[in-house]
Amino acid sequence: YQRLRDTKRIHEAGLVIPATDTFGLKNQGLDVDSAVAMAAEVIQDGVDSNFPVQVTIAVAFGCPFEGEVYLEQLVNIAERLAAAGPVELALADTIGVAVPTQVRQAFSQLKDSLGELPLRAHFHDTRNTGIANAYASLLAGVTVLDASIGGIGGCPFAPNASGNIATEDLVYMLNRGGIEHGVELTSLLETAAWLQEVLSKPLPSMLLKAGIFPPVSA
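Now for a quick tour of the structure. Quantities reported herein were computed from a predicted structural model and do not represent experimental measurements.

Secondary structure summary: the protein contains nine helices and five strands in total. Element order for the protein, N to C, with α for helix and β for strand: α-β-α-α-β-α-β-α-β-α-β-α-α-α. By the compact-globule yardstick of 17 Å for 218 residues, the protein fits well, its C-alpha radius of gyration being 18 Å. Along the first, second and third principal axes, the C-alpha atoms of the protein reach 55 × 40 × 35 Å. For the protein, the residues scored as buried account for 42% of the 218 residues in total.

Here it is in structure tokens:
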């Protein structure tokens, strides 16, 4: 964090805090309590110096080592982090186990508990529920969604984890649902095709396989 501040060129910091001790120790060398204490110190410094700091809770819906992450446990961590004053709080489905009902319940509870704090959602599509989870988070009042072009990504500490939801798949859903976002779909799809060629392997993106509907005229 201090090295980031010393650059004088980066204008926001992001923290990732685990929802379970085991994942935190393997991923960052910190259990939950230690990570929350560290985050609170960084966030407070950001508040004191007017520097935006946002925070993400990893494995928020399930841990590869400890299994289920229960809502009470998740809300407790979120409330402790929110008390420090981050500019935004996110829930990350790091191993792609969440389902829409679970997502909507979690974010709805956070809206009730945290008031006006902006919420963000971060989904991996490991079990083909990522796009549905994104929509469920929108219904719960989330206004920022993470995604990656082509659906690339993963985590070395999340066994069998796939990439994030594909940006173009997400934008297609938003377009068809009449949800404004300001992102141009054709350019996204062209970039995903370029990325697939650069990486020399098929990407998870469904829109890259199926194409835009209705088809874009030449």
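The next subject is the side chain of Asp146. Turning to its location among the elements, Asp146 is positioned in the loop between strand E5 (144-145) and helix H7 (167-176). Look past the residues within four positions of Asp146 in its chain and what remains in contact with it is Arg120, Ala121, His122 and Ile165.

Now for the pattern of salt bridges. In the structure shown here, the tally under the stated rule is four salt bridges. Between Asp45 and Arg5 there is a salt bridge whose closest N-O contact spans 3.2 Å. Placement of the pair is Asp45 in helix H3 (residues 32-48) and Arg5 in helix H1 (residues 2-6), with a sequence separation of 40 residues. Between Asp146 and Arg120 there is a salt bridge, and its shortest N-O distance comes to 2.7 Å. Of the two residues, Asp146 sits in the loop between E5 and H7 while Arg120 sits in strand E4 (residues 119-123), which places them 26 residues apart along the sequence. Asp146 gets classed as buried once you look at its relative accessible area, which sits at 18%. Counted as one network, the salt bridges with shared partners bring together Glu88, Arg120 and Asp146.

Reading across from one edge, E1-E2-E3-E4-E5 is the order of the five strands in this open sheet, with parallel pairing throughout. Strands at the two margins of the open sheet, each flanked by one partner only, are strand E1 (13-18) and E5. Across two bridges, E4 lies against E5 in parallel orientation. Bridged to Arg120 within E5 is Val144.

As a further point, take the packing of aromatic side chains. Applying the stated criterion to the full structure yields three aromatic pairs. Their ring planes at 40 degrees and their centres at 6.3 Å tell us that Phe23 and Phe65 sit as a pair that is tilted. Remark: Phe65 occurs in the loop between strand E2 (53-58) and helix H4 (71-82) and Phe23 occurs in helix H2 (residues 21-27); sequence separation between them is 42 residues. Under the relative-accessibility criterion, Phe65 is labelled partly exposed at 34%. Here Arg5 stacks its cationic end above the ring of Phe51, 4.0 Å away from the centre of that ring.

Calculation rules
Residues numbered from 1 in each chain as written. Predicted model: local features only at pLDDT ≥ 70, side-chain atom pairs only at ≥ 80, totals over all residues. Heavy atoms only, no water. Helix = DSSP H or I, 4+ residues; strand = E, 2+ residues; numbered from the N terminus. Rg over C-alpha atoms; globule rule 2.2 N^0.38 Å. Buried < 20%, exposed > 50% of the residue type's maximum accessible area, 1.4 Å probe, protein only. Contact = heavy atoms within 4.5 Å. Salt bridge = Lys/Arg side-chain N within 4 Å of Asp/Glu carboxyl O. Pairing = 2+ DSSP bridges. Phe/Tyr/Trp six-rings, centres within 6.5 Å; stacked < 30°, edge-to-face > 60°. Lys NZ or Arg CZ within 6 Å of the ring centre and 35° of its normal.

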